[in-house]
Amino acid sequence: MNALVKGIHHITSLASDAQKNVDFYAGILGLRLVKKTINFDVPEIYHLYYGNEEGSPGTIMTFFPYPGIPQGRKGKGQLTVTSFSIPEHSIDYWTKRLDKFHIPYEKPEQRFSETVIYFEDPDGLGLELVANRWDKRLGFTYGKIPFQFAIKGFYGITLVEECYEKTANLLVDQMEHKFIAETGNRFRYSASGKPGDFVDILCSPEALKGLSGYGTVHHVAFATETDITQLAAREKLLEFGLDVTPVLNREYFLSIYFREPGGVLFEIATVSPGFSVDEPLKHLGESLKLPPWEEPNRASIEQVLPPIQLNLKKYED
Ligand code: ZN
């Protein structure tokens, strides 16, 4: 039987300001803005997607910029850090780049013999760059970041939990993850065993509970190949006793959602149809795309969404 769950598909977070968000992820990190659409549940709010050229699963970072919401607090029951994979020799390049654009970062640390730099986006969202030699994916950039230093996609995620066992059991028994390694209170799992798909559980009973708001993650999506494997995964999770939503059409993938035992919202999203379903690959992210049922409301939606632009020149080295 095909694998039901393949690894990380996308990560969706809350932001305060759409333009600041574009400047940071497209400008400073060099990700491609692959889709400019709306939150299908709240049409007056953008849904911005960033990723590699085509927005492949494992590279997709997405945001709902909500003007006026309070800042969240990173903590227990949340995905607190999203880690990107960079080539082994690129630490100096990135620390210089972060310095140049006045982005504070913590002193690089060693973790499982790789070098990790922690920093935050303008809203306080936790991010890392993990320098490693074994990510075979090609780097990508839409600014002028040289390819030999460019981000390759996700490295993995960190979940902060009261205890690791229940979440670990869900990942291993229901979601086809394997135990990879542990150090201190960090327990690592992965569906593929490769950079892109690591799920680290930080067992942190003393941590404060996370609070939703800008600068925090809304959910993490895991990939499933087709609508068939998605339904099979849904059946399995329902049998396990989780409260799983029906399949929802997100235009670029089909989604189901459920909360894992520690409180983090998980999604399982199909690999197809992807971001070229409503605009050509070459022009991804250039114009505002709406789902067919919101097209009749385009004029009023465009009126409330603040204009945003790519300022890539400003972020050249
Ligand atoms: Zn999602």
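Everything below is about the structure shown above.
The notes below deal with the structure included here. (Residues numbered from 1 in each chain as written. Predicted model: local features only at pLDDT ≥ 70, side-chain atom pairs only at ≥ 80, totals over all residues. Heavy atoms only, no water.)

### Topic: the pairing of strand β16 (residues 265-270)
No. 1: The buried count for β16 comes to six of six residues, which makes it a mostly enclosed element.
No. 2: Side chains Leu-265, Glu-267 and Ala-269 project from β16 onto one buried face, and the interleaved Phe-266, Ile-268 and Thr-270 project onto a second face that is buried too.
No. 3: One ladder, built from five bridges, connects strand β13 (residues 217-224) with β16; its direction is parallel. Directly across from Ala-223, in β16, lies its bridge partner Ala-269.
No. 4: Inspection of the sheet shows strand β15 (residues 254-259) paired to β16 by five bridges, in the antiparallel sense. Of the residues in β16, the one forming a bridge with Ser-255 is Ala-269.
No. 5: Counting the residues in the hairpin turn of β15 and β16 gives five residues, including Gly-263, whose phi is positive at 110 degrees. (Buried < 20%, exposed > 50% of the residue type's maximum accessible area, 1.4 Å probe, protein only. Helix = DSSP H or I, 4+ residues; strand = E, 2+ residues; numbered from the N terminus. Pairing = 2+ DSSP bridges.)

### Things to note about the sheet that holds strand β8 (residues 126-132)
Strand-to-strand pairing in sheets goes through backbone hydrogen bonds, with the strands running parallel or antiparallel.
No. 1: With mixed pairing, eight strands are arranged side by side in an open sheet as β6-β7-β8-β5-β9-β12-β11-β10. The open sheet has two edge strands, β6 (109-111) and β10 (178-183), and neither has a second partner. Taking each pair of neighbouring strands and ignoring which way they run, the sheet shows an average axis angle of 30 degrees.
No. 2: Pairing geometry for strand β7 (residues 114-120) and β8, over six bridges, is antiparallel. When the bridges of β8 are listed, Glu-120 appears paired with Gly-126.
No. 3: Relative to β7, helix α2 (residues 91-100) is tilted by about 15 degrees, and along the sheet it contacts β5 (78-87), β7 and β8.
No. 4: Taken strand by strand, helix α3 (residues 165-174) contacts β9 (153-161), β11 (186-190) and β12 (198-203), and its axis lies near 160 degrees from that of β12. (Axes fitted to C-alpha atoms, helices over the stretch in contact; angles between N-to-C directions. Contact = heavy atoms within 4.5 Å.)

### Section: the sheet that holds β16
No. 1: One open sheet holds the eight strands; their spatial order is β2-β3-β4-β1-β13-β16-β15-β14, and the pairing between them is mixed. Of all the strands in the sheet, just β2 (32-39) and β14 (248-249) have a single pairing partner and so form its edges.
No. 2: Of the strand pairs in this sheet, β2 and strand β3 (residues 42-51) are connected by seven bridges, and their pairing is antiparallel. Along β3, the bridge assignment pairs Arg-32 with Gly-51.
No. 3: The sheet strands contacting helix α1 (residues 18-28) are β1 (7-15), β3 and β4 (60-65), and the helix crosses β3 at an angle near 10 degrees.

### Brief notes about the pattern of salt bridges
No. 1: For the structure shown, the criterion picks out 16 salt bridges.
No. 2: When the shortest N-O distance is used, the salt bridge between Asp-278 and Lys-35 registers 2.5 Å. With Asp-278 in the loop between β16 and α5 (298-304) and Lys-35 in strand β2, the pair connects residues that are 243 residues apart, well separated along the chain.
No. 3: For Asp-278, a relative accessible area of 24% gives the class partly exposed. (Salt bridge = Lys/Arg side-chain N within 4 Å of Asp/Glu carboxyl O.)

Read these as geometric descriptors, not functional statements.
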